[in-house]
Amino acid sequence: MSQGADILLGLQWGDEGKGKIVDVLTRKYDVVARFQGGPNAGHTLEFNGIKHVLHTIPSGIFHENALNIIGNGVVMDPIIFCKEIDKLLDMEPKCLDRLVISRKAHLILPTHRMLDAASEAAKGKNKIGSTLKGIGPTYMDKTGRNGLRIGDCELPDFMTRYEALKKKHLELLGDFEAPFDFTEAEAQWMKAVDRLRAMQLADTDVLIQETYKSGKKILAEGAQGTLLDVDFGTYPFVTSSTTTAAGACTGLGLAPNRIGEVIGIFKAYCTRVGSGPFPTELDNDLGQAIRDKGHEYGSTTGRPRRTGWLDLPALRYAVEVNGVTQLMMMKADVLSGLKELEVCTAYEYRGETITHLPYSLEEDLITPIYTTLSGWDEDLTGVTDVKNLPTSLEAYTRFIEQETGVPVVLISVGPDREQTLWRA
Ligand code: IMP
């Protein structure tokens, strides 16, 4: 933990296990703040035998000590958000006291969801594999300067603004039919906005700045992963926000010189959900075995995740783009039982061997080059001391450290809070 605000983010294609780690780290922080994405995310936390999935709410919400902020870079669907709140209220009746929402965060309208569906339908076999939560169209309206923000719901002409944007969307949609009951969705949306209006809405950029200046500790929580970043990911098969460290600055109002540690979360292997290139993909029985053992099914959409070997050129790239200072490796337990592990260390790309991530990762241009390392047989899920981890896992970890130049400070061996081993 440093003097500044720390950032925690994913280094692969999302689903690295960020939610679990934020939950583990929250007791060290005064504020946990989500800086981008929206209900496309599904952050899973497990403790006391119960699993919780958060979509928009920061993963620090289960700790009384921390204030949780939904930053200006986030896009919110009031319907999904209120459902999430209702689930949480049963367990954490005071959760709303420690949750603050940025007035500058953008609202996802039911028509944004329709636009998402229409865009995917029009793309046919080139579809992105979007979560269909309206994320892309909402960010488009934000940059196109048409969006509705949370703060607008406090203004007297909110309904006029809503109707104007809806009209624009319906014109664009033409005769495209909503894949859901629009009248019902709109009614639910209005009710949810009414509830939202009564919550703690704030100028969270100012709040973040004051928190920083008072010496309190902030953890900025990313969603999705570096390879889904709109600039640095596998474009166009990406999400629509800045998932990298820079996104914490723009998504919270946090100046770059106030950033301390950048904590990068990665899985001991790779997964990806949705379309797009994935050089180390295991489209075979082994890939299926990893999917089953690792419960690699989307926590937001339930879709099976594609699985593959660890990709070091991609990981190194993510380390550089984000300025990662600490690595945390998740799901090492899932690889138990494999005699040998392949790790991609370079690519054959247009007849050359390269160790960086090239412009295009398309299958016909790129072939991964693997190094084989020894696997381990032991079940890791009950290990409570890092000293008792198998030597071949230690060698695997050291290899990653050597290849990335960044220490792996934590290894996770199961979904529960307790299954977390610190190396440093
Ligand atoms: P969108 O963010 O819903 O527009 O989806 C764009 C791409 O990002 C799709 O391939 C999604 O599967 C992927 N994606 C979006 N959110 C997540 C996430 O939280 N985890 C993993 N993949 C995601």
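Now for a quick tour of the structure. A quick note: this is a predicted structure, and the numbers were derived from the prediction, not measured.

What the protein chain contains, in helices and strands, is 11 helices and 20 strands. Rg of the C-alpha trace for the protein chain: 21 Å, near the compact-globule value of 22 Å for 424 residues, within the 12% margin. Taken over the C-alpha atoms alone, the protein chain extends approximately 65 × 50 × 40 Å along its principal axes. Burial status across the protein chain gives 58% buried among its 424 residues. Long-range contacts, defined here as pairs at least 24 residues apart, represent 77% of the contacts in the protein chain between residues at least 6 apart. Total accessible area on the protein chain is roughly 17900 Å²; 50% of this is exposed by carbon and sulfur atoms. Here the protein chain holds 46 positive side-chain charges and 58 negative ones, and the gap between their average locations is 4 Å.

On to the site of the ligand. Surveying the vicinity of the ligand reveals 16 residues, the closest of which are Asn40, Thr131, Thr239, Val273 and Arg303. Gly129 is positioned such that a nitrogen or oxygen atom in its backbone is 3.3 Å from an oxygen atom of the ligand. In this structure, an oxygen atom belonging to the ligand sits 3.0 Å away from a main-chain N or O atom of Val273. Here the residues of the shell around the ligand are counted per class, giving 7 nonpolar, 7 polar and 2 charged.

Across the 8 residues of helix H8 (residues 245-252), 6 count as buried, placing the element largely inside the fold. Listed as buried for H8 are Ala245, Gly247, Ala248, Cys249, Gly251 and Leu252. The inward-facing, buried residues of H8 contact strand E1 (5-10), strand E2 (31-34), helix H7 (204-213), strand E10 (218-221), strand E11 (259-267) and helix H10 (312-322). After H8 finishes, the residue Gly253 shows a positive phi value of roughly 85°.

What follows concerns a negative patch on the surface. Where like charges cluster on the molecular surface, the negative patch consists of Asp283, Glu362, Glu363 and Asp364. Position of Asp364 among the secondary structure elements: in the loop between strand E17 (352-354) and strand E18 (366-374). Asp364 gets classed as exposed once you look at its relative accessible area, which sits at 71%.

Across the sheet, which stays open at both edges, the 10 strands sit in the order E9-E7-E5-E2-E10-E1-E11-E15-E19-E20 with mixed pairing between neighbours. Of all the strands in the sheet, just strand E9 (201-202) and strand E20 (420-422) have a single pairing partner and so form its edges. Sheet analysis places E1 next to E10, joined by 3 bridges and oriented parallel. Opposite Ile7, over in E10, you have Ala220 as the bridge partner. Sheet strands in contact with helix H1 (residues 18-25) are E1, E2, E10, E11, strand E15 (326-330), strand E19 (408-412) and E20, and its direction is about 155° off that of E1.

Right, let's talk about the environment of Asp283 for a bit. One can find Asp283 in the loop between strand E12 (270-272) and helix H9 (285-293). Judged by its relative accessible area of 73%, Asp283 is exposed. Residues Asp283 and Thr381, spaced 98 residues apart in sequence, show a C-alpha to C-alpha distance of 26 Å.

This part takes up the side chain of Asn72. Topologically, Asn72 is positioned in the loop between strand E5 (67-70) and strand E6 (75-76). A distance of 3.4 Å separates a polar atom in the side chain of Asn72 from the backbone nitrogen of Leu252. Once residues within four sequence positions are removed from consideration, Asn72 is found in contact with Ser102, Lys104, Ala105, Lys142, Thr204, Thr250, Gly251, Leu252 and Gly253.

Conventions adopted
- Residues numbered from 1 in each chain as written.
- Predicted model: local features only at pLDDT ≥ 70, side-chain atom pairs only at ≥ 80, totals over all residues.
- Heavy atoms only, no water.
- Helix = DSSP H or I, 4+ residues; strand = E, 2+ residues; numbered from the N terminus.
- Rg over C-alpha atoms; globule rule 2.2 N^0.38 Å.
- Buried < 20%, exposed > 50% of the residue type's maximum accessible area, 1.4 Å probe, protein only.
- Contact = heavy atoms within 4.5 Å.
- Areas by Shrake-Rupley, 256 points an atom, 1.4 Å probe, with all protein chains shown as cover.
- Lys, Arg positive; Asp, Glu negative; His and termini not counted.
- Charge placed at Lys NZ, Arg CZ, Asp CG, Glu CD.
- Near = heavy atom within 4 Å.
- Polar contact = N/O pair within 3.5 Å; in protein donor to acceptor, adjacent residues only side chain to side chain.
- Nonpolar A, V, L, I, M, F, W, Y, C, P; charged D, E, K, R; others polar.
- Patch = residues over 30% accessible without salt bridge, like charges linked within 9 Å, V, L, I, M, F, W, Y side chains within 5 Å.
- Salt bridge = Lys/Arg side-chain N within 4 Å of Asp/Glu carboxyl O.
- Pairing = 2+ DSSP bridges.
- Axes fitted to C-alpha atoms, helices over the stretch in contact; angles between N-to-C directions.

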